[in-house]
Amino acid sequence: MFGLEMLDVLIGLVTVYLAFGMACTAIVEAISAWLNVRSKNLEAALNEVFAGIYKPDETFVKAFYKHPLIQALSKGTDCRPSYIPPEIVGQVVESLVTANVAVKSFTEAVNSLPGTPETNRIKGVLTTFVTQTKEDTTAFRKAVETHFDAAMDRSSGWFKRYTQNVAIIVSVVLVIGANVDTVNLTVSLASSPTVRLKMVEIAEQRLKEAKNTEDEAKAAKQESEYEKAKNQSEAAQKVLDRAVSDMETAGLQFGWKDYPKTFSEILLKVVGLLVSILAVSLGAPFWFDVLQKFMQVRAAGASPGEPKKKKN
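Notes on the structure in this doc start here. (Residues numbered from 1 in each chain as written. Predicted model: local features only at pLDDT ≥ 70, side-chain atom pairs only at ≥ 80, totals over all residues. Heavy atoms only, no water.)

So, the pattern of salt bridges
Applying the stated rule across the entire model yields 9 salt bridges. We note a salt bridge from E58 to K66, for which the minimum N-O separation is 2.8 Å. Residue class for E58 comes out buried when judged on its relative accessible area of 9%. With a relative accessible area of 51%, K66 lands in the exposed category. When the shortest N-O distance is used, the salt bridge between E94 and R141 registers 2.4 Å. Separated by 47 residues along the polypeptide, E94 in helix α5 (residues 86–97) and R141 in helix α8 (residues 137–178) bring together distant segments of the chain. (Salt bridge = Lys/Arg side-chain N within 4 Å of Asp/Glu carboxyl O. Buried < 20%, exposed > 50% of the residue type's maximum accessible area, 1.4 Å probe, protein only. Helix = DSSP H or I, 4+ residues; strand = E, 2+ residues; numbered from the N terminus.)

A word on a nonpolar patch on the surface
There is a patch of nonpolar side chains on the surface, built from F263, L267, V271 and V275 and spanning about 390 Å² of accessible area. Summarising the element assignment, F263 is placed in helix α13 (residues 263–281). The class for F263 is exposed, based on a relative accessible area of 67%. (Patch = residues over 30% accessible without salt bridge, like charges linked within 9 Å, V, L, I, M, F, W, Y side chains within 5 Å. Areas by Shrake-Rupley, 256 points an atom, 1.4 Å probe, with all protein chains shown as cover.)

Considerations on the side chain of T15
By the secondary structure assignment, T15 is in helix α1 (residues 2–34). A distance of 2.6 Å separates a polar side-chain atom of T15 from the backbone oxygen of I11. The residues touching T15, leaving out its near neighbours within four places in the chain, are M199, I202, A203 and L291. (Polar contact = N/O pair within 3.5 Å; in protein donor to acceptor, adjacent residues only side chain to side chain. Contact = heavy atoms within 4.5 Å.)

Some points on the nonpolar core
With 45 residues, the main nonpolar core has V16, F20, V180, M199, M247, L252 and F254 as its most contacted residues. Within the residue set of this core, elements represented by two or more residues are α1, α8, α9 (182–191), α10 (193–208), α12 (225–250), α13 and α14 (284–299). The element contributing the most residues to this core is α1, with 13 residues. (Core = buried A, V, L, I, M, F, W, Y, C linked by side-chain atoms within 4.5 Å.)

Next comes the structure, spelled out in structure tokens:
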């Protein structure tokens, strides 16, 4: 029984982390959307991969964004997509290179670009691809896609570090603002079977709602950055309000009603808040996976309060 009680305490804590982690994740996504971080990150990667001149008065990246296949991925001519499939990149680059109808081969098309391979970076890159692929269209596209993927891997690392830093800042605001103290939460959960059982019910409900969240996430991919930012901001507020309401109904307390006075109380409060900040900053996906595993373990054991069967 002691093991099940401790498991329920952990499930309660993880449910709290998940709830605030969902709000944290939604806020980070909203900030990224409001600031167009994904599209700017993609544009920076393209400027690295395709730096150079396409025409005397136009860069290759500018011509790339003006291509109909890229415009089809954005809402409005001035918008920038936040994601471009690698195969589209290969098709667009091939289309731009062969746009000059006067040329008869890839080699001539690349040579028709302004400057020299030494002075015009994109010309040097494409010359290398043409030489390696021996005028093979499929191989040329594949080479462009591989080059683009390599740049996006580096760009994705930068974006991940950016979101981690923002998540920590958001987590600090959420945790301190709501007084999400892991030490106090642990004491409350350990001392009250009723609170534990209610938190387990909330955990089960969150897992059941996961499918709807996945469907909403798929639909969100079709939204513009503005729509995504607006929806994520509203979602974060709803998640936070509902989380606090549900867990306060279960018997947990949030907000600043009392303040620590002695040194030991202050120390415990700092420790409790720091643990919560680190936990919430990990985001919803991490704690959702943890909660799933804990609930599977719990389902394999006896329910709290279930009478033991008498041996014959």
